[in-house]
Every structure is written in C-alpha cells, then in structure tokens.
Amino acid sequence: MWVVLQPLMTAGVFSFVFGRVAKFPSDGVPYFAFSFAGMLAWNVFSGALTKVGGSLVANGQLVSKIFFPRFVLPLSMLSSTLVDFAVALGLMAIICVIIGVWAGWALLTLPLWLLLVVLLSLGLGLMAAALMVSYRDVGYILPVVTQVLLYGSPVAYGVSALPPSVRGWYQLNPLTGALEGFRWSVLGTARPGLFAVVWSAAIAVILFGAGVSVFATMERKFADVI
C-alpha cells in the first residue's frame, strides 16, 4: 500500500508547490503525472541507495558468523526495490491511460533509463555499504546527501524550468540525463540532450565500477570490523 501511496502523496505536494504556486512548466502534460513519473524513477535511485548502503550493517550478525559472498546482500536489497518499482509502474500506466498520454516508441527506451538509475544507485550504495562498516557516520550523511540530490535533480521539475544560463551546469548532475530520459520514455515529454545522456551513462558506468572495486577491496575486513 505504501509503495503506491508514498509517490502519490509526494507527487500531489510537488504538483501544488511547483505546478500551481511556482507555475513551473510540465512539457504539455498534467503536472501530477509529470511529478509522479519523476518520483517513480527517483524512488528506484533513493530506495536502492539507502537499502544497499545499509545492507551490511543491518545484517551484521550474518556477516560476522557465516561465510558467503558479501555481494549477495546488496543485490538482495536491489531486488526488493525493483519489485516496488514494478508495482508503482503499473499505477503509472493507469495514470497515462486516464490522462490520455502515450509516449510512443520512446517507451522502448525505458529499460535503458532504468539501468542508468540502477547503476548510479548501486555504485554509490556499494561504496557507502563498504565504508559504513568502519565509519558508521556514513549512515547519517547518506540521508542528507539523498535529500539534497532530490531537489538538485529534475524530479519535481524539468530542465525546461531552469534559466538557460544554468542548464549546462545543471546537466553535470548524472541523474539529470537518466531522470529526464525516464520521464520522456513514459510521458513523451521533452527528450534529454545528447550530452546529458552520454554524461549520465559514462558516470553511471564509472561509479558502478568504482563501487564494485571499493566493495571487493574492503570485503576481507567486513567480518572483523562489523
């Protein structure tokens, strides 16, 4: 129930604040659907990052007493996030039918944007999980960073709402290309720029590789330190 209610309520708040009060553009679709699509992709990122980041500490007794590939724990957290996403995506499909929006062939690119979001969250989450074993303060820093990224990414608003002078710098956020592409594939809104897509893909691959490397390097100390 909360998988459905949480993005619905958040999208409703964003629609009122950014759509009615601030009057930000929504690329020709109802603002509620616009913000709900952004929340749908964002929940995958934030949910995976939070769950993967805390996966080792939350299962400390298991890590210290039983030998198994530690990489299994973060992946198990990711699977639960994707199940939640599938449920919310079904609701997104119902909303699209109600408002009469069809993205067309862009819908075929949906797995690509989902993959980019997952790689970004996994890369950061694996590094956070490995560091949190020795430095528990990471568990307090992670929610703050996630909250900042929420408002620094095109979740409640689109890139078209920003002044042209800052759009170039804004696209250095690797989530920009992934989230804008996700919204385009679901609602047929403005297509993301080529630079934003390539940059997002490059950073996603780099972060994922770095996360796997950090996790594998520190894995031998997990059982002793946790």
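The structure this text deals with has already been given above.
Thresholds, definitions, all that
Residues numbered from 1 in each chain as written. Predicted model: local features only at pLDDT ≥ 70, side-chain atom pairs only at ≥ 80, totals over all residues. Heavy atoms only, no water. Salt bridge = Lys/Arg side-chain N within 4 Å of Asp/Glu carboxyl O. Helix = DSSP H or I, 4+ residues; strand = E, 2+ residues; numbered from the N terminus. Buried < 20%, exposed > 50% of the residue type's maximum accessible area, 1.4 Å probe, protein only. 1 Å grid on protein atoms, 1.4 Å probe; cavity = no way out; pocket = protein on both sides within 12 Å on 5 of 7 lines; lining within 4 Å. Points joined across faces, edges and corners; volume = space filled by probe spheres on them. Nonpolar A, V, L, I, M, F, W, Y, C, P; charged D, E, K, R; others polar.

Chemist: Would you mind showing me how to read the pattern of salt bridges here?
Modeler: Counted under the stated rule, the structure contains 2 salt bridges. Where aspartate 84 meets lysine 51, a salt bridge forms, and the shortest distance between an N and an O atom there is 3.6 Å. Of this pair, aspartate 84 sits in helix H5 (residues 72-99) while lysine 51 is found in helix H2 (residues 31-53), placing the two residues 33 residues apart along the sequence. Classification of lysine 51 by relative accessible area gives partly exposed; the value is 30%. Glutamate 180 is the salt-bridge partner of arginine 183, the closest N and O atoms lying 3.1 Å from each other. Of the two residues, arginine 183 and glutamate 180 are both situated in helix H9 (residues 174-187); the distance of 3 residues between them amounts to about one turn of the helix. Residue arginine 183 is classed as buried on the basis of its relative accessible area, which comes to 1%.

Chemist: Sorry if this is basic, but what is going on with the layout of surface pockets here?
Modeler: Remark: the empty space left among the atoms is shown by a probe the size of a water molecule rolled over them. Of the volumes computed, that of the largest pocket is approximately 310 Å³. Within the residue set of the lining of the largest pocket, elements represented by two or more residues are helix H1 (2-21), H2 and H5. With 8 residues, H2 is the single largest residue contributor to the lining of the largest pocket. Its residues placed into classes, the lining of the largest pocket shows 11 nonpolar, 6 polar and 2 charged. Approximately 170 Å³ is the volume attributed to the second largest pocket. Every residue lining the second largest pocket is listed: Leu89, Met92, Ala93, Cys96, Val97, Val101, Trp102, Ala103, Leu107, Leu110 and Val186. The greatest single-element share of the lining of the second largest pocket, amounting to 5 residues, is contributed by H5.

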